[in-house]
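Structural features, examined
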Amino acid sequence: MKTIKTPRYDILIAKHTGMCFGVRQAIETTEASLAQGPASILGQLAHNSAVKSRLASQGARTAKLEGKTAPTQHVIITAHGASDRDRKRWHKAGYQITDTTCPLVRVAHAKLSKVVAEGYQPVIVGKAGHVEVRGLQGDFPNARVILYPDDIADLPYVKRLGIISQTTQPIDRVRALVSEVRKQRPEAEVVYYDTVCHPTKDRQTSLHELCQSVELVLAIGGKNSNNTTQLARTARKLGCKSAHIESPDDIREEWLEGISRIGITAGTSTLDESIHAITFRLQEIGESAHLLSQTTS
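Rules used in this analysis
- Residues numbered from 1 in each chain as written.
- Predicted model: local features only at pLDDT ≥ 70, side-chain atom pairs only at ≥ 80, totals over all residues.
- Heavy atoms only, no water.
- Helix = DSSP H or I, 4+ residues; strand = E, 2+ residues; numbered from the N terminus.
- Rg over C-alpha atoms; globule rule 2.2 N^0.38 Å.
- Buried < 20%, exposed > 50% of the residue type's maximum accessible area, 1.4 Å probe, protein only.
- Contact = heavy atoms within 4.5 Å.
- Areas by Shrake-Rupley, 256 points an atom, 1.4 Å probe, with all protein chains shown as cover.
- Lys, Arg positive; Asp, Glu negative; His and termini not counted.
- Charge placed at Lys NZ, Arg CZ, Asp CG, Glu CD.
- Phe/Tyr/Trp six-rings, centres within 6.5 Å; stacked < 30°, edge-to-face > 60°.
- Lys NZ or Arg CZ within 6 Å of the ring centre and 35° of its normal.
- Core = buried A, V, L, I, M, F, W, Y, C linked by side-chain atoms within 4.5 Å.
- Axes fitted to C-alpha atoms, helices over the stretch in contact; angles between N-to-C directions.
- Left-handed = near helix turned anticlockwise from the far one by under 90°.
- Nonpolar A, V, L, I, M, F, W, Y, C, P; charged D, E, K, R; others polar.
- Pairing = 2+ DSSP bridges.

1. Topic: the overall build of the protein
Along the backbone of the protein there are nine helices and 13 strands. Its C-alpha radius of gyration of 21 Å places the protein within 12% of the 19 Å reference for a compact globule of 297 residues. Here the protein holds 297 residues, and 52% of them are scored as buried. In the protein, once contacts between residues fewer than 6 apart in sequence are set aside, the share between residues at least 24 apart is 70%. In the structure as shown, the protein presents an accessible area of about 14,000 Å², 50% of it carried by carbon and sulfur atoms. Charge separation in the protein, taken as the distance between the mean sites of 38 positive and 31 negative side-chain charges, equals 5 Å.

2. Notes on the packing of aromatic side chains
Throughout the structure, instances matching the rule amount to one aromatic pair. Look at Trp90 and Tyr95: their rings are 5.0 Å apart centre to centre, the planes differ by 75°, and that puts the pair in the edge-to-face class. Tyr95 shares its class with Trp90; the two are buried. Here the basic side chain of Arg160 rests over the ring of Tyr120, its NZ or CZ set 4.0 Å away from the ring centre.

3. A word on the nonpolar core
Residues Leu218, Leu256, Ile262, Ile264 and Leu282 are the most contacted members of the largest nonpolar core, which totals 19 residues. Mapped by element, the contributors of at least two residues to this core are strand S2 (10–13), strand S11 (216–220), strand S12 (241–245), strand S13 (261–266) and helix H9 (272–296). With four residues, the top contributor of residues to this core is H9. When sequence neighbours within four positions are dropped, the list of residues in contact with Ile262 reads Tyr9, Asp10, Ile11, Leu12, Val214, Leu216, Leu218, Leu256 and Leu282. Val23, Ala26, Ala46 and Ile76 belong to the second-largest nonpolar core, a separate cluster that totals 16 residues.

4. A word on the packing of helix H7 (residues 198–211) against helix H8 (residues 226–237)
At a minimum axis distance of 10 Å, the contact between H7 and H8 shows a crossing angle of 35°. As for the relative orientation of H7 and H8, their crossing is right-handed in sense. Along its contact with H7, which presents Arg203, Gln204, Leu207, His208 and Cys211, the element H8 presents Gln230, Leu231, Thr234 and Ala235. Residues of the contact of H7 with H8, tallied by class, amount to four nonpolar, four polar and one charged.

5. Some remarks on the sheet that holds S2
Pairing is mixed across the open sheet formed by five strands, whose spatial order is S1-S2-S13-S11-S12. Looking along the sheet, the strands with just one partner apiece sit at the ends: strand S1 (2–5) and S12. With direction set aside, neighbouring strand axes in the sheet form an average angle of 20°. In this sheet, S2 lies alongside S1 in antiparallel orientation, the contact comprising four bridges.

6. Points about the sheet that holds strand S6 (residues 96–99)
Taken in spatial order, the four strands make up an open sheet running S4-S3-S5-S6, and their pairing is parallel. Taken across any chain shown, the strands that pair with only one partner, and hence form the sheet edges, are strand S4 (61–63) and S6. Each adjacent strand pair in this sheet contributes to an overall mean axis angle of 30°, direction not counted. When strand S5 (residues 74–77) meets S6, the two strands line up parallel, connected through four bridges. Directly across from Val75, in S6, lies its bridge partner Ile97. On top of the sheet, helix H3 (residues 84–92) reaches strand S3 (40–42), S5 and S6; it is set at about 150° to S6, its chief contact.

Shown next, in the form of structure tokens:
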């Protein structure tokens, strides 16, 4: 855990934070593709407006994964993945495809295929409508999605349930839901494959350590980033004040009143420069407060 000292407060940066290898690899692959010619991203490559702006400045266009046409003949599948059905549809329509699906999202697809092949009713722990979850359901429309204990009542009464998870869900939530399924459906055989990705787990574990030492946590990431939202929520559950922010402009100085230690964490789609910019702004605020006190004393 890195600590930056200012006269007003200390800034502690979580041991594991920010962009994961899957998103970094997706950005590098997309930038290499754009260097060769125009391409359209089928959705958001990662849930981060800074990433979107960076790629747009290099000529990236956009189209909907579920759509039928794109403004370029070269299309890019995002890090969140897609169903095989969508891949085949774009290929059949004559488009050149670059696939930047995160390897760990591919693992989730493989595990879902496995439970279906073995005759289990497929269940996904995740956020209904999220692009990754839509991709998982795309090839298996009968897969049920649950996120809260109340959702379990909607599962069919079958003899075998096979559970996997959206890669960015908090592992504690997933395990608790699996236990609750087993409790509510004692007559069913329940198998569970842990498909929460290691970067998500690392950031959650580091957040637990961070919250033992700070009073306020700033979770940095796109407003529609699921794993950043979960980091902010988890910090609150652990007893810290927290805020989900995207840029230095989101910082409110009233949050910092009476705070002696600020924690920094970031979602798996957050650019390094976003973390640096926010950390620098916090340092500026900490230094300016000290200078102001010297001037008025």
